[in-house]
Amino acid sequence: MRPSPVSATVDFAADGVQHGFLRLPYSRDDAAWGSVMIAVTVVKNGDGPTGLLTGGNHGDEYEGPIALFDLARSLRAEDVSGRVIIVPMMNQPAFAAGTRTSPIDRGNLNRSFPGRPDGSVTEKIADYFQRVLLPMADVVLDFHSGGKTLDFLPFCAAHILPDTAQEAEAFRLVRAFGAPYSVRMLEIDAVGMYDTAAETMGKVFVTTELGGGGTASAYTAGIAIRGCRNLLMAAGILRGTPDPVPTQWLDMPDGSCFTFAEDAGLIRFCADLGDRVRKDQCIAMIYPTGRTGLDPTELRANRAGLFTARHLPGLVKPGDCVAVIADEVDQT
Ligand SMILES: [Zn+2]
């Protein structure tokens, strides 16, 4: 396969703190020989494990970029044992536009792996992570939030994996992150995900969903800022010991956790995030909006559990994920 067109202005093998870019050539109307510039910070101090920390995989999710801009400006080499690679705006064109996908090619970076060195801009970014950055990493933390169309109870998560040792280490780091909720996660659409690329390489992969709505609150930004430091400490990369923080474990065992709209219309939620719901409880109603006098469609919970994620904003379309109900489980 041809080499990646991306060139890094930092030396990943050099000790110290470096702030630079992953430069991806992108010829266009306003810059014939222009580039996409993806900011990167590398902090290295001797030998040790490498943590790869990413935000902005989706461009309208903000807790991760906030935490990683904060970490990149404040991390000192002497605090690190090993290496930390920080990319706060993984899909930089999407981040700059404030959209989930790239305005250049409509690429959803988290469905573009393993990518292509001769593909679209988004596929070239995926290819660089697949073949250059992921192989350097031992531990990968990829921040997500709900973006403009979902809202979540703030959680850190990892996946159930066939390799029990890899899975156990991921859940140990989820616990150390210290979000209010910790999730054993099922993906409804795992093909092409960064998560899957990292896990297939045997990397310890941890992710988050920290709120949503196309912004971050003081509460959720604080969770992200503390969480990435806690995780690096637990991984032995950052000096210090994570503060023990209480967390509620949640399980998403199968597809019955997800409720999808089959109608278009105006959604009225009948339960809120954090509520405990019963199986068959009406959790939302969808009013048809073409005319008055029509009854709403009721959406009922497929299972009992904790109302963990919901649709935003006020109108829904057929196929939209309206609600996620998770099981509360005891786990240490
Ligand atoms: Zn996301």
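About the criteria used
Residues numbered from 1 in each chain as written. Predicted model: local features only at pLDDT ≥ 70, side-chain atom pairs only at ≥ 80, totals over all residues. Heavy atoms only, no water. Donors = N, O, S within 2.8 Å, 3.2 Å for Na, K, Ca; no water. Tetrahedral: all angles 85-135°; square planar, octahedral: opposite > 155°, others 65-115°. Buried < 20%, exposed > 50% of the residue type's maximum accessible area, 1.4 Å probe, protein only. 1 Å grid on protein atoms, 1.4 Å probe; cavity = no way out; pocket = protein on both sides within 12 Å on 5 of 7 lines; lining within 4 Å. Points joined across faces, edges and corners; volume = space filled by probe spheres on them. Helix = DSSP H or I, 4+ residues; strand = E, 2+ residues; numbered from the N terminus. Nonpolar A, V, L, I, M, F, W, Y, C, P; charged D, E, K, R; others polar. Expected span 1.5 Å × (residues − 1). Contact = heavy atoms within 4.5 Å.

Visitor: Mind showing me how you'd approach the coordination of the zinc ion here?
Guide: Geometry sets the ideal angles at a metal, namely 109.5 degrees for four tetrahedral donors and 90 or 180 degrees for six octahedral donors. Listed as protein donors to the zinc ion are His 58 (ND1), Glu 61 (OE), Glu 61 (OE) and His 144 (ND1); their distances from the metal cover 2.1 to 2.3 Å. Taken together, the four donor atoms coordinating the zinc ion and their angles of 57 to 148° define a geometry best described as irregular. The buried category is assigned to Glu 61, whose relative accessible area is 3%.

Visitor: Mind showing me how you'd approach the layout of surface pockets here?
Guide: Taking a probe equal in size to a water molecule and rolling it over the atoms shows the remaining empty space. Looking at the second largest pocket, its volume works out to about 190 Å³. For the second largest pocket, the lining is made up of 15 residues, of which Phe 177, Arg 226, Gly 227, Asn 230 and Val 245 are closest to its centre. At six residues, the largest contribution of residues to the lining of the second largest pocket is made by helix α6 (residues 218-234). Class assignment for the residues of the lining of the second largest pocket results in nine nonpolar, four polar and two charged.

Visitor: It is not clear to me how helix α1 (residues 63-74) should be interpreted in this structure. Could you clarify?
Guide: Three- or four-residue spacings in an α-helix give side chains the same orientation, since the helix completes a turn every 3.6 residues. End to end, α1 covers 17 Å across twelve residues, agreeing with the expected 16 Å (1.5 Å per residue, within 8%). Where the residues of α1 are buried, they touch β2 (16-25), β3 (35-45), β4 (50-54), β5 (82-87), α2 (92-97) and α6.

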